[in-house]
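Summary of the model geometry
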Amino acid sequence: MISLDEGIIREHLKTYNKVSGISCFLTDESGETIYTEGAVQQYCTKFKSLTGDKCPCAGAHLYAGKQAEKIGESYIYFCPGGLVHWTAPIVIKGIYRCALVGGPVQMSLPDSYMVDKIMEANKFDISNKAMLQSYLNLVHFVEPEKVRYLSEMLYILAKDIMAEEVRVLTE
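Analysis parameters
Residues numbered from 1 in each chain as written. Predicted model: local features only at pLDDT ≥ 70, side-chain atom pairs only at ≥ 80, totals over all residues. Heavy atoms only, no water. Buried < 20%, exposed > 50% of the residue type's maximum accessible area, 1.4 Å probe, protein only. Helix = DSSP H or I, 4+ residues; strand = E, 2+ residues; numbered from the N terminus. Arc of directions from axis to C-beta. Contact = heavy atoms within 4.5 Å. Pairing = 2+ DSSP bridges. Axes fitted to C-alpha atoms, helices over the stretch in contact; angles between N-to-C directions. Core = buried A, V, L, I, M, F, W, Y, C linked by side-chain atoms within 4.5 Å.

For the rest of this paragraph, the subject is helix α4 (residues 112-122). Counting along an α-helix, one turn takes 3.6 residues, and residues three or four places apart therefore face a common direction. Within the span of α4, buried status applies to M114, V115, I118, M119 and N122. For α4, the buried positions fall inside an angular range of 130° around the axis, keeping them on one side. Every exposed residue of α4 that faces more than 90 degrees away from the buried side is listed here: Y113, E120 and A121. Buried residues belonging to α4 abut α2 (42-51) and α5 (129-136). Immediately beyond the C-terminal end of α4, within one or two residues, lies K123, with a positive phi of roughly 55°.

On to the side chain of S74. Take S74: it is sitting in the loop between α3 (57-71) and β3 (75-78). With a relative accessible area of 14%, S74 lands in the buried category. Look past the residues within four positions of S74 in its chain and what remains in contact with it is A68, T87, S151, E152 and Y155.

What follows concerns the sheet that holds strand β4 (residues 84-92). Pairing within the open sheet is antiparallel, and its 5 strands lie in the order β2-β1-β5-β4-β3. With one partner strand each, in any of the chains shown, β2 (33-37) and β3 form the two edges of the open sheet. Taking each pair of neighbouring strands and ignoring which way they run, the sheet shows an average axis angle of 25°. Looking at chain direction, strand β1 (residues 24-27) and β2 are connected through 4 bridges and run antiparallel. For F25, the partnering residue across the bridge sits in β2 and is T36.

What follows is about the nonpolar core. Counting residues in hydrophobic clusters, the biggest one holds 25 residues, and the most contacted among them are L13, W86, I90 and L100. Mapped by element, the contributors of at least two residues to this core are α1 (6-20), β1, β4, β5 (95-105) and α6 (144-170). Here this core takes 8 residues from α6, the largest share from any one element. Residues C44, L83, F124 and L132 belong to the second largest nonpolar core, which totals 14 residues.

Across the two faces of β1 the burial is the same, with C24 and L26 and F25 and T27 all buried. Hairpin connection from β1 to β2: 5 residues lie between these consecutive antiparallel strands, with G31 at a positive phi of about 90°. For β1 and β5, the ladder comprises 4 bridges, and the chain directions are antiparallel. Its bridge partner lying in β5, L26 is registered against L100.

If you want it as structure tokens, here you go:
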């Protein structure tokens, strides 16, 4: 990542987390998480552990960040673990530098079918089903309309960060 002021980004993410109660994080230009504000979901930790070296999360976050850049607004998406996230890109001088990501949350209550589909898609051993279900039950439920507003708020923060960087670059 270029010399973005990580202090400003961290403060914005902290404010977002404290006001919304939703975890958020910063990803770099390759989709890897470099800073998190709020608790990391046990479900995500276990999902990453089960997928190991083939964890698709960074690729999914990068794809979503690039989609947000392309459409010029925040982007709401399902991660490979079946949870909902939203992202807002940080673009400086026309170059994608990183993204702010909110979530994960659920927009519907988890059921056995959902867990089966996640396990099937990721080729997890059936012995992990009960554990995944119990961790999934701990993930916050958020109404779809509220997710849209949370997504828009994250984009407002991203625009503020980009404006701050433009001011610094032109001084």
